[in-house]
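Next come the chains, spelled out residue by residue.
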Amino acid sequence: MKKILYVLALVAAVCACGKKKHAERHIATYLDLSAPIEERVEDALSRMTTEEKVKMLHAQSKFSSAGVERLGIPEVWCTDGPHGIRPEVLWDEWNQAGWTNDSCTAYPALTCLAASWDREMAELYGNCIGEEARYRKKDVLLGPGVNICRTPLNGRNFEYMGEDPFLAGEMVVPYVKGVQENGVAACVKHFAVNNQETKRHSTNSIVDDRTMYEIYLPAFKAAVQKGGAWAIMGSYNLYNGQYNCHNKKLLCDILKDEWGFDGVVISDWGGCRNDDEPITNGLDMEFGTWTNGLQGAASNGYDAYHMANPYLERIRDGRVGTTELDDKVRRILRLIFRTSMAPERHFGRFTCPEHYEAARKIAAEGTVLLKNDGVLPLENPGKILVVGENAIKKMVVGGGSSSLKTRYEVTPLEALQEEFGENVIYERGYVGSTETSYNNVSTGENLEETRSAEELIAAAVAAAEQADLIVFVGGLNKSKNQDNEGSDRLQLTLPYGQQEVIEALAATGKKIVAVNISGSPVAMPWADKVNALVQGWYGGTESGHGLADVLTGRVNPSGRLPFTIPCSLEDGPLKTERQYPGVIEEGKDKVQEYYDEGVFIGYRWYATQGIATQFPFGYGLSYTTFEISNLKATRSRVGRLGEFKVKLTVKNTGDRDGAEVVQVYVAPPESPVARPVRELKGFAKVYLKAGESRQISIPLSYQDLCYFDAEAHKWTAAPGEYTILAGDSSDHLPVSTTIKAV
Ligand code: GLC
């Protein structure tokens, strides 16, 4: 018996010891990938010193911030941009580091994605770019941008998703989800009312609440509340007198309090402008600050950041507490536990065939057919003369921080030569920009030209003699003042004398297919001189193939304009200098810009004023035809805050498979405030075989009937009858019905 007891005691002792060892081996909660994230956050926070916390709040290099080596908490690495993963840079440089394995897939610019009106394309886009960020070991993607196209002249319209907050909101959500599925944070930018590049560091946007809530905030709100964005980037400009990177109303009252944002607010690079406001006004991470005289790579430049030593001194001497500090660090830890320290994070993929395929598909899906007398699709075009610098100019490089380095970029000319071989001849027609590099990334092209404008036109006209068809490829090119970060455009019309080229070519009597490549609206008074007209975009690595897919009919075009193409700037809502680009006022050192037009921008302006446009918001043609009918709106739930279902039938009445973008607009009754005659509140992209018809349902909610009552600070809908209109563009809505708001 004694023996048994002895053995049992021995076994118990061994187990206890083992347990103790096991207990010693128990990992800290913050390192336990299976622990709830908030427990990990609190555990890590409790282990950090004040110095370690402050170090996390600001950059340590151009695109990274410190972790906590002692605790095994990694640094946070950010990367541009919205269209692809920026090439690696040296520690404190903007120029590329010259790596040989960081040439990414360049996806189409976001105006192209918006023009696809296809939520699945947005998810595909986000997922692919997120995989590439993951593979390049980046934790935060500095994009997408969702600033609203308030003026066609804004230099960065090409990085954004058009003039309508509903479209931008619907397209940003799947993009954000797609990115974050990879354990990479999307950092939605530039928050907020950063609607121009002119004096972007010193312009104070003066905007009333209703306009903010109805136009300039919704896409960001959707990204946060529906997309679950883990990061937001504050913008350079000021809003109602305070810099946006530490704007209390924007970051604390709206973003974090009203919307419940639990992620990180990151400054734009150099957007943090003083020591005190960032502490209390919602900034969490400070990047790119132009330190006080310690420019560039000075070793201790980063310690001079506003949220570095100056903050530490304030804490140490008791001027500020640590409540805000802990909130900031909680958010950064949450970001880290969602990204680099997340469970089940895969390794991503980089420049794989599927990514190139996705880039090509999005480029084609976003292409908008604006006019076609039957010359498209190109079936047996005979000899084609391609004219225009945009047929050969590689556009992935340039444009500012969204510039990329890719292994290759297919130009429109190359794609057409692949398609039609010797039957394609080329003439430049005009000289736009001979720039071929940015941040030490070069396209390798030589665009130098010695001929005069007249000689170039003459050569193109002469060449037209031997051609059966002309394809003109022009537009803008992401160089200064031509869709470019840091500079707005100076005109709505085509630059570089392109209109003269088009007119000279039209005079030859040859059929012309004109392709305008741009990221913002371009005036097209010459549209009547061409037989077909296509709005193309900065299509990325596969841009040429995407365009050729549409021109040849391999892809039936289904893009719709994400912005209005006006006949002239003068027709637009920005009539005064104080509206744009803003004015210097007595005693004020910042440019004051007044959003006097309120909610009336884009089609909200043109439709309400009854001003004819060149091509309206939402417009686009197909190689087939569609019919929309049987519109019904039924209340799907009882009560004032009911949901509505809009049902209708779409039929492909042509002989070719294709996709229609059914758009649903709401027209309000008389209201206490001036409201646009109609606003986009629903859409669906419907792919139909020739002859096929389908009933679709588009949800509407009471919210979709509302305007923002600034006085009461709430959404409200005047009682009465609301007209629901459906069609294929903002000014072609053939079917309608009504619903009542009580
Ligand atoms: C730039 C841009 C921003 C970019 C950042 C880092 O100035 O405004 O979009 O992500 O700096 O390059």
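One numbering rule holds for all chains: residues counted from 1, following each sequence as written. Where totals are concerned, whole chains, interfaces and linings use all residues; where local detail is concerned, this predicted model gives features only for residues with pLDDT of at least 70, and gives and counts side-chain atom pairs only at 80 or more. Each side-chain value is worked out from all heavy atoms of the structure, with water and hydrogens disregarded.

Draft legend 1. Layout of the pattern of salt bridges. When a carboxyl oxygen of Asp or Glu is within 4 Å of a side-chain nitrogen of Lys or Arg, the pair counts as a salt bridge. Considering all chains together, one arrives at 52 salt bridges under this definition. With a shortest N-O distance of 2.9 Å, lysine 256 and aspartate 284 are connected by a salt bridge. On the criterion of sequence distance, the pair formed by lysine 256 in helix 9 (residues 248-258) and aspartate 284 in the loop between helix 10 (277-280) and helix 11 (309-316) is long-range, its members being 28 residues apart. As far as burial versus exposure is concerned, lysine 256 and aspartate 284 are alike and both buried. Between arginine 360 and aspartate 549 there is a salt bridge, with the nearest N and O atoms lying 2.7 Å from each other. Note that arginine 360 is positioned in helix 13 (residues 353-365) and aspartate 549 in helix 17 (residues 543-551), a separation of 189 residues in sequence. Think of it in three bands: residues with accessible area under 20% of the maximum for their type are buried, residues over 50% are exposed, and the middle band is partly exposed, with areas taken using a 1.4 Å probe on protein chains only. We classify arginine 360 as partly exposed; its relative accessible area is 25%. Under the DSSP-based scheme used, a helix requires at least four consecutive residues in state H or I and a strand at least two consecutive residues in state E, with every element numbered from the N terminus.

Draft legend 2. Focus on the confidence of the model for the chain. Confidence of the prediction at every residue is given by pLDDT, a number between 0 and 100. Taken over all residues, the pLDDT of the chain has a mean of 95, while the share at 70 or more is 94%. Any two residues whose heavy atoms approach within 4.5 Å are treated as being in contact. Ignoring residues within four places in sequence, the model shows residues 293-299, a span with pLDDT below 50, making 6 contacts including any to other chains.

Draft legend 3. Representation of the nonpolar core in the model. Each nonpolar core is a collection of buried residues, namely Ala, Val, Leu, Ile, Met, Phe, Trp, Tyr and Cys, held together in the definition by side-chain atoms within 4.5 Å. Ile73, Leu113, Phe191 and Leu333 are the most contacted members of the largest nonpolar core, which has 124 residues in total. By residue number, the principal contributor to this core is helix 6 (residues 165-180), which donates 9 residues. Of the residues that make up this core, three or more belong to each of domain 2 (37-338) and domain 4 (623-741). Non-local contacts of leucine 333, meaning those with residues more than four positions away in its chain, are made with Val41, Ala44, Leu45, Met48, Met56 and Ile73. Counting residues in each nonpolar core, the second largest holds 62 residues, with Cys112, Leu476, Val515 and Leu533 among its members. The domain limits used here are those given by an automatic or database domain assignment.

Draft legend 4. Just the side chain of lysine 394, in detail. With respect to the helices and strands, lysine 394 occurs in the loop between strand 11 (384-387) and helix 14 (412-420). Only four residue types enter the charge count, namely Lys and Arg as positive and Asp and Glu as negative; His and the chain termini do not. Within the buried set, lysine 394 has no salt-bridge partner at all; the shortest N-O distance to an opposite charge, 4.2 Å, is to glutamate 414. The contacts of lysine 394, once residues within four sequence positions are left out, are Glu409, Thr411, Glu414, Thr443 and Glu445.

Draft legend 5. Geometry of the packing of aromatic side chains. Centres within 6.5 Å make a pair out of two Phe, Tyr or Trp rings, where for Trp the six-membered ring is used; the pair is then stacked when the planes are under 30 degrees apart, edge-to-face when over 60, and tilted otherwise. Here the structure, examined in full by the defined rule, presents 24 aromatic pairs. Judged by centre distance (5.8 Å) and plane angle (80°), the ring pair of phenylalanine 63 and tryptophan 94 falls under edge-to-face. One end of the pair, phenylalanine 63, is in the loop between helix 3 (50-56) and strand 1 (64-65); the other, tryptophan 94, is in the loop between strand 2 (76-79) and helix 4 (110-116), and 31 residues separate them in sequence. According to the relative accessible area criterion, phenylalanine 63 is buried, its value standing at 6%. When its relative accessible area of 37% is taken as the criterion, tryptophan 94 is described as partly exposed. Between phenylalanine 158 and tyrosine 538, the ring centres sit 5.8 Å apart and the planes meet at 90°, which makes this aromatic pair edge-to-face. In this pair, phenylalanine 158 sits in the loop between strand 3 (140-141) and helix 6 while tyrosine 538 sits in the loop between strand 17 (532-536) and helix 17, placing the two residues 380 residues apart along the sequence. Judged by its relative accessible area of 4%, tyrosine 538 is buried. Through a chain of ring-to-ring contacts, three or more aromatic side chains come together here, namely Trp117, Phe166, Tyr603, Phe617, Tyr665 and Phe683. Across from the ring centre of tyrosine 595, 3.7 Å away, lies the NZ or CZ of arginine 150, which sits over that ring. Charge over a ring is defined by NZ of Lys or CZ of Arg lying within 6 Å of the ring centre and within 35 degrees of the ring normal.

Draft legend 6. Structural detail: the domain arrangement of the chain. In terms of domains, the chain is made up of domain 1 (1-35), domain 2 (37-338), domain 3 (367-555) and domain 4 (623-741). Throughout, buried area stands for the accessible area (probe radius 1.4 Å) lost by two parts on being put together, summed over both. Across the domain 1/domain 2 interface, buried area totals approximately 660 Å², and carbon plus sulfur atoms make up 56% of it. At the boundary of domain 1 with domain 2, the tally comes to 0 salt bridges. Within the side of domain 1 that touches domain 2, the residues separate by chemical class into 5 nonpolar, 1 polar and 1 charged. Side-chain classes follow a simple rule in which Ala, Val, Leu, Ile, Met, Phe, Trp, Tyr, Cys and Pro form the nonpolar group, Asp, Glu, Lys and Arg form the charged group, and the remainder, Gly included, forms the polar group.

Draft legend 7. Highlighting the site of the ligand. Here a residue is near a molecule or strand as soon as one of its heavy atoms is found within 4 Å of it. Residues in close proximity to the ligand total 15 residues, the closest being Asp80, Lys189, His190, Tyr236 and Asp268. Within the side chain of arginine 156, an N or O atom sits 2.8 Å from an oxygen atom of the ligand. When the ligand is considered free in solution it has 310 Å² of accessible area, and contact with the protein chains removes 97% of it. Polar contact criterion, stated in full: a pair of N or O atoms within 3.5 Å, where within protein one must be able to donate a hydrogen and the other to accept it, and residues adjacent in sequence count only if both atoms are side-chain atoms. For the accessible areas, the method is Shrake-Rupley and the probe is 1.4 Å, while residue cover comes only from the protein chains on display.

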